[in-house]
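# Tertiary structure, described
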Amino acid sequence: MNNIYFNYNNNLKPSNGCLLVSEPHLPDANFDRTVILLCKHDDEGSFGFVLNRPSKVKIKDILKDAESIEVPVYIGGPVEQNTLHFIHKDDSLAGAEYVIDNLYWGGNFDLMLSWLHDKMVKDEDVRFFLGYSGWASGQLSDEIEESSWMVFKPDNTDFIFETSPENMWKAVLKKMGGRFSMYAKYPEDPRLN
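Cut-offs applied
Residues numbered from 1 in each chain as written. Predicted model: local features only at pLDDT ≥ 70, side-chain atom pairs only at ≥ 80, totals over all residues. Heavy atoms only, no water. Buried < 20%, exposed > 50% of the residue type's maximum accessible area, 1.4 Å probe, protein only. Helix = DSSP H or I, 4+ residues; strand = E, 2+ residues; numbered from the N terminus. Arc of directions from axis to C-beta. Contact = heavy atoms within 4.5 Å. Polar contact = N/O pair within 3.5 Å; in protein donor to acceptor, adjacent residues only side chain to side chain. Expected span 1.5 Å × (residues − 1). pLDDT = per-residue confidence, 0-100.

Moving on, we get to helix H2 (residues 109–117). Regarding H2, the residues found buried are Met112, Leu113, Trp115 and Leu116. For H2, the angular spread of the buried residues around the axis is 160°, confining them to a single face. Along its buried surface, H2 packs onto strand E6 (79–88) and strand E9 (126–136). For H2, the N-terminal capping position is held by Asn108, with its side-chain oxygen 3.2 Å away from the main-chain nitrogen of Asp110.

Written out as structure tokens, the structure reads:
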């Protein structure tokens, strides 16, 4: 018997700019209660960044050329954690990839550091990530079908940049409303309920 209460699939299809919300008890520690910004989703595969896993370092701690930049660095996912990526709101950055309106991935890294140093871009309008989350062709769709992920399309990018990482997972579920808002109340360890 299929219990609809535990069928997380909300029938939204993944697309660039949507958020993937992990089911409350996803057994993979890399994605426990995570929210992932999907930057690219096509027939070749999917990739994005975990938005709610801040590390303990700032960009100035890992780059010599960024000694005055206090922007925190997040753990973007388990793939290639020796690579540095960033998302931002600036459509004029050379080489930036369009994700959705007012949201871009990558671009001229040195120029972005210069803009941050000179305060031409607000710290809160850029987010840096070590590593990323990735799926082979069809893999993400299979995981969504298995109810590992719920798909949410935010109204605007402000939610992505302004929601605190500690509250993001619950905040997305509450925004989704209905039965999804109930999932936000699931205890991390049901044995302690």
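Having seen the structure, we can now continue with the description.
Attention shifts here to helix H5 (residues 165–176). Given 3.6 residues per helical turn, the α-helix brings residues three or four places apart onto the same face. Between the first and last C-alpha of H5 there are 17 Å, a value that for 12 residues agrees with the 16 Å anticipated at 1.5 Å per step. Within the sequence span of H5, burial applies to Pro165, Met168, Trp169, Ala171, Val172, Leu173 and Met176. Remark: Gly177 follows H5 within two positions and exhibits a positive phi of approximately 70°.

Per-chain confidence: the protein averages 89 in pLDDT, with 91% of residues scoring 70 or above. Ignoring residues within four places in sequence, the model shows residues 1–5, a span with pLDDT below 50, making six contacts including any to other chains.

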